[in-house]
Amino acid sequence: MTYPWLQAPAAQIATTARTLLGWTVSANGVRIRLTEVEAYAGTGEDPASHAHRGPTPRNEVMFGPAGHVYVYFVFGMHWCMNIVCGREGEAAAVLLRAGAVTEGLEIARERRGNAPDRDLARGPARLVTALGLGRDANGTSALDGSGPMLLTPPPAPVDPSLIAAGPRVGVAAAHDTPWRFWLVGEESVSPYRRHVPRRRPSTLPV
């Protein structure tokens, strides 16, 4: 199985991310149509990328092969999931930010505590929870059916006029880089919140 984005270099990650809008991810009885994604490059020019400073035990999956899943833990409580892109040895990934549940609604509702349908996968951690996935997906293929998740293309590519772009969410560095892409008019798209650095309380005497 081959798709053009599997051969695209890491430097073209923004284009690749747009390509994945409208694709579906399915696992454990739930199918989700992707409505929002974010691009991250490990080419040394994207300080928001986990691979910005080179390979580590945590990010080694990002260096290939393309089409595999990169899962990481955030805030000590949430799993987030990415699709590895770029030629082998070139780190890049697309964060699956949000989507609309198209199959397995009851299962997703149960996993998400009966949240409103638009919120079932409205955010990267919620999406992973709705699919019933976690660390076990890390490093597995998303394309050949050998892993716990399957990524499949839409019947036809999404109309480019329906795709919007803007700043990334929740990153401390390069947060204004317009590498977040979403489908216009989709209520499952997560709300934008610009990163605000946390300030440590002053310990100086008053």
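Look a little higher up for the structure.
Throughout what follows, the structure given in this document is the object of discussion. Quick caveat: nothing in here was measured; it's all calculated off a predicted structure. (Residues numbered from 1 in each chain as written. Predicted model: local features only at pLDDT ≥ 70, side-chain atom pairs only at ≥ 80, totals over all residues. Heavy atoms only, no water.)

### Details of unusual backbone geometry
The amide bond that connects G64 to the next residue, P65, takes the cis arrangement and shows omega of 0 degrees. Its place among the elements puts P65 in the loop between β2 (30-41) and β3 (69-74). The backbone of N28 sits at a positive phi, close to 50 degrees, despite the residue not being glycine. Looking at where N28 falls in the secondary structure, it is placed in the loop between β1 (24-27) and β2. Judged by its relative accessible area of 42%, N28 falls in the partly exposed class. (Helix = DSSP H or I, 4+ residues; strand = E, 2+ residues; numbered from the N terminus. Buried < 20%, exposed > 50% of the residue type's maximum accessible area, 1.4 Å probe, protein only.)

### Re the pairing of strand β5 (residues 92-103)
Counting buried residues along β5, nine of its 12 residues qualify, which places the element largely inside the surrounding structure. As paired elements, β2 and β5 share 10 bridges and run antiparallel to each other. Looking at β5, one finds that A41 is bridged to A92. Sheet topology note: the strand β4 (residues 78-84)/β5 ladder contains three bridges and is antiparallel. Paired with I83 across the bridge in β5 is V94. (Pairing = 2+ DSSP bridges.)

### Let's talk about the pattern of salt bridges
Tallied over the entire structure, the rule returns 10 salt bridges. Here R97 ties to E36 by a salt bridge, and the two come within 3.2 Å at their closest N and O atoms. Note that R97 is positioned in strand β5 and E36 in strand β2, a separation of 61 residues in sequence. For the pair R97 and E36, a shared accessibility class is recorded, and that class is buried. E106 is the salt-bridge partner of R109, the closest N and O atoms lying 2.4 Å from each other. (Salt bridge = Lys/Arg side-chain N within 4 Å of Asp/Glu carboxyl O.)

### With respect to the pairing of strand β8 (residues 180-183)
Burial along β8 is two-sided: R180 and W182 facing one way and F181 and L183 facing the other are all buried. In the sheet, β2 pairs with β8 via three bridges, with the strands oriented antiparallel. Each residue of the ladder has a partner; that of E36, found in β8, is W182. By the bridge criterion, four bridges tie strand β7 (residues 163-166) to β8 in an arrangement that is antiparallel. Bridging across to β8, A165 finds its partner in F181.

### Describing helix α3 (residues 124-131)
Of all eight residues in α3, six are buried; the element is thus mostly enclosed. Listing the buried residues of α3 in full gives P124, A125, L127, V128, A130 and L131. Looking at the buried residues of α3, the elements they touch are β1, β2, β4, β5 and α2 (105-111). Positive phi shows up at G132, right after α3, with a value of about 70 degrees. (Contact = heavy atoms within 4.5 Å.)

### Some points on the environment of R111
With respect to the helices and strands, R111 occurs in helix α2. Among the residues examined, R111 registers a relative accessible area of 31% and is labelled partly exposed. Taking C-alpha positions, R111 is 6.6 Å from T129, a pair spaced 18 residues apart along the chain. Every residue in contact with R111, bar those within four places of it in the chain, is listed here: A27, N28, V30, T129, A130, L131 and G132. Among the polar contacts made by the side chain of R111, one reaches the main-chain carbonyl oxygen of A130 at a distance of 2.8 Å. (Polar contact = N/O pair within 3.5 Å; in protein donor to acceptor, adjacent residues only side chain to side chain.)

### Topic: the side chain of R97
Accessibility expressed as a relative area gives 7% for R97, which makes it buried. Aside from chain neighbours lying at most four places away, what touches R97 is E36, V37, E38, A121, R122, G123, P124, V169, R180 and S190.

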